[in-house]
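Listed below, chain by chain, are the residues.
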2 protein chains.
Amino acid sequence: MDIKSTEKEVNLLHERICSALGDPTRILILYLLSERGMYVNEISEALKLPQSSASRHLRVLRERNLVATERQGTAILYTLQDRRIIEALNLMRAILSQQLQEAAEITGAIQKINS
Amino acid sequence: MDIKSTEKEVNLLHERICSALGDPTRILILYLLSERGMYVNEISEALKLPQSSASRHLRVLRERNLVATERQGTAILYTLQDRRIIEALNLMRAILSQQLQEAAEITGAIQKINS
DNA sequence: TCCTTATATGTGGATAAGCGCATATATAAT
DNA sequence: ATTATATATGCGCTTATCCACATATAAGGA
């Protein structure tokens, strides 16, 4: 039951996307960009981040080809490279909301027992 | 263009799934489990991991409700909690394979120019 | 050219993640 | 009770990540 080395390489690449998603701020950025392209300062204001932090997070996303950039004068517009990343995030959101619902049901059941 | 605090909380939870996916070994484990339930030692052998590493990775996945456990005698069977996580991973894989394809086309074009 | 705006990066410090070794715990069998 | 098997955890170490401050770069306008 071994994993082939080629498959391992794909999964290593795979990990490049996943670890980019491993930071909550970057998830928020992706959701922001899913609505419209934005400039660095817009993002840093929306998320109340120091400009340098926003820039660095965006760099990670760009290095992993999750966002694209386009210079417009002195500003740089960041946009989603591939909207399917939002689909992937929404799938996780669906899993989460089900977990939360189940947790609430358990909490409710416990409260019933205790009352 | 502010993010509501409730939304922020959801995204924090969200991050719990994503950061679990942020490790290549855990991605491999999830793919293994997508085929069938497995015991810790099976996983550690398949991935050539020390038993303690496999156990720790599985704990992370369990704490985030991505896998479920069931004791069977002295062994513990790990299974996927929600197959949609594999859908999410496959979406990322699709994004990746497109990126790789585009990269190959660029490489090919450069080789043509240079020849 | 000098100044302003927008973005990127160098740096240091704090925190977390991952690893392997050794050891502890839990179940089952003799 | 002792032993064997399967899994989990304590520990120290190394490495990676994130942050915020200050500074650098890049483009545009006066």
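That block above? That's the structure.
## A look at the interface of chain A and chain B
Move 1: Counting residues at the interface gives 45 residues for chain A, matched by 45 residues for chain B.
Move 2: Summing the contributions of chain A and of chain B, the shared interface buries around 4100 Å²; its carbon and sulfur component is 70%.
Move 3: Joining chain A to chain B, the criterion identifies zero salt bridges.
Move 4: Those elements giving two or more residues to the side of chain A that touches chain B turn out to be helix H1 (5-20), helix H2 (24-35), helix H3 (40-46) and helix H5 (84-114) of chain A.
Move 5: The greatest single-element share of the side of chain A that touches chain B, amounting to 14 residues, is contributed by H5 of chain A.
Move 6: The class makeup of the residues in the side of chain A that touches chain B is 25 nonpolar, seven polar and 13 charged.

## Here we look at the side chain of His14 of chain B
Move 1: Looking at the secondary structure, you find His14 of chain B in helix H1 (residues 5-20).
Move 2: The buried category is assigned to His14 of chain B, whose relative accessible area is 0%.
Move 3: Residue contacts for His14 of chain B: discarding those within four places in its chain leaves Ile27, Tyr31, Leu89, Met92, Arg93 and Leu96 of chain A.

## A few points about the protein's contact with DNA strand C
Move 1: Neighbouring DNA strand C are 22 residues; Gln51, Ser52, Arg56 and Tyr78 of chain A together with His57 of chain B lie closest to it.
Move 2: In DNA strand C, atoms within 4 Å of the protein come 59% from sugar and phosphate.
Move 3: Here a phosphate oxygen of DNA strand C sits 3.3 Å away from a polar atom, N or O, in the side chain of Arg59 of chain A.
Move 4: If you list the elements that add at least two residues to the surface near DNA strand C, you get H3, helix H4 (51-63) and strand E3 (75-80) of chain A together with helix H4 (51-63) of chain B.
Move 5: If you tally residues by element for the surface near DNA strand C, the top one is H4 of chain A, at five residues.
Move 6: Here the surface near DNA strand C is built from residues that sort into six nonpolar, 10 polar and six charged.

## Regarding the protein's contact with DNA strand D
Move 1: For DNA strand D, the set of nearby residues contains 22 residues, the closest of which are His57 of chain A together with Gln51, Arg56, Thr74 and Tyr78 of chain B.
Move 2: Within 4 Å of the protein, the contacting atoms of DNA strand D are drawn from sugar and phosphate to the extent of 59%.
Move 3: A distance of 3.0 Å is found between a phosphate oxygen of DNA strand D and a side-chain nitrogen or oxygen belonging to Ser55 of chain B.
Move 4: One nitrogen or oxygen atom from the side chain of Arg56 of chain B is found 2.3 Å from a base oxygen belonging to DNA strand D.
Move 5: Listed by contribution, the elements that provide at least two residues to the surface near DNA strand D are H4 of chain A together with helix H3 (40-46), H4 and strand E3 (75-80) of chain B.
Move 6: Here the element with the most residues in the surface near DNA strand D is H4 of chain B; it accounts for five residues.

## Quick word on the nonpolar core
Note on soluble globular proteins: their nonpolar side chains tend to be buried together.
Move 1: Residues Leu21, Leu30 and Ile85 of chain A together with Leu21, Leu30 and Ile85 of chain B are the most contacted members of the largest nonpolar core, which totals 65 residues.
Move 2: Filtering out sequence-adjacent residues up to four positions away, Leu30 of chain A remains in contact with Leu21, Leu61, Val67, Leu80, Ile85, Ile86 and Leu89 of chain A.

## Focus on the side chain of Ser34 of chain B
All names here are of chain B.
Move 1: Locating Ser34 in the fold gives a position in helix H2 (residues 24-35).
Move 2: A polar contact of 2.6 Å, which involves the side chain of Ser34, links it to the backbone oxygen of Tyr31.
Move 3: The contact partners of Ser34, leaving out residues within four places of it in the chain, are Leu80, Arg83 and Ile86.

## With respect to the relation of the copies chain A and chain B
Move 1: Aligned on chain B, chain A shows an RMSD of 0.1 Å; the corresponding rotation is 180 degrees and the shift along the axis is 0.0 Å. Expressed as a symmetry operation, the mapping of one chain copy onto the other fits a two-fold axis. Relative to the rotation axis, the C-alpha of Ala88 of chain A is the closest in chain A, positioned 2.4 Å from it.
Move 2: A high fraction, 100%, of the interface residues of chain A reappear at the interface in chain B, so the copies pair face to face through one surface.

## Some points on the sheet that holds E3 of chain A
Residues and elements named next belong to chain A.
Move 1: Strand order in the open sheet formed by three strands is E1-E3-E2, and the pairing between neighbours is antiparallel. With one partner strand each, in any of the chains shown, strand E1 (38-39) and strand E2 (67-72) form the two edges of the open sheet.
Move 2: Along the sheet face, H2 touches E1, E2 and E3 and points at about 90 degrees away from the line of E3.
Move 3: Helix-sheet contacts for H4 involve E2 and E3, and the interaxial angle to E2 is about 120 degrees.

## Some remarks on the packing of H2 of chain A against H4 of chain A
All names here are of chain A.
Move 1: Two elements in contact, H2 and H4, have axes separated by 10 Å at closest approach and are oriented at 75 degrees. If you check the angle between H2 and H4, you find them roughly perpendicular. Residues Thr25, Arg26, Ile29 and Leu30 of H2 pack against His57, Leu58, Val60 and Leu61 of H4.
Move 2: Residues that form the contact of H2 with H4 fall into these classes: five nonpolar, two polar and one charged.

Definitions and cut-offs
Residues numbered from 1 in each chain as written. Chains lettered and ligands numbered in written order. Predicted model: local features only at pLDDT ≥ 70, side-chain atom pairs only at ≥ 80, totals over all residues. Heavy atoms only, no water. Contact = heavy atoms within 4.5 Å. Buried area = accessible area lost by both parts, 1.4 Å probe. Salt bridge = Lys/Arg side-chain N within 4 Å of Asp/Glu carboxyl O. Helix = DSSP H or I, 4+ residues; strand = E, 2+ residues; numbered from the N terminus. Nonpolar A, V, L, I, M, F, W, Y, C, P; charged D, E, K, R; others polar. Buried < 20%, exposed > 50% of the residue type's maximum accessible area, 1.4 Å probe, protein only. Near = heavy atom within 4 Å. Polar contact = N/O pair within 3.5 Å; in protein donor to acceptor, adjacent residues only side chain to side chain. Core = buried A, V, L, I, M, F, W, Y, C linked by side-chain atoms within 4.5 Å. Least-squares fit on C-alpha atoms with pLDDT ≥ 70 in both. Pairing = 2+ DSSP bridges. Axes fitted to C-alpha atoms, helices over the stretch in contact; angles between N-to-C directions. Parallel < 35°, antiparallel > 145°, perpendicular 65-115°, else oblique.

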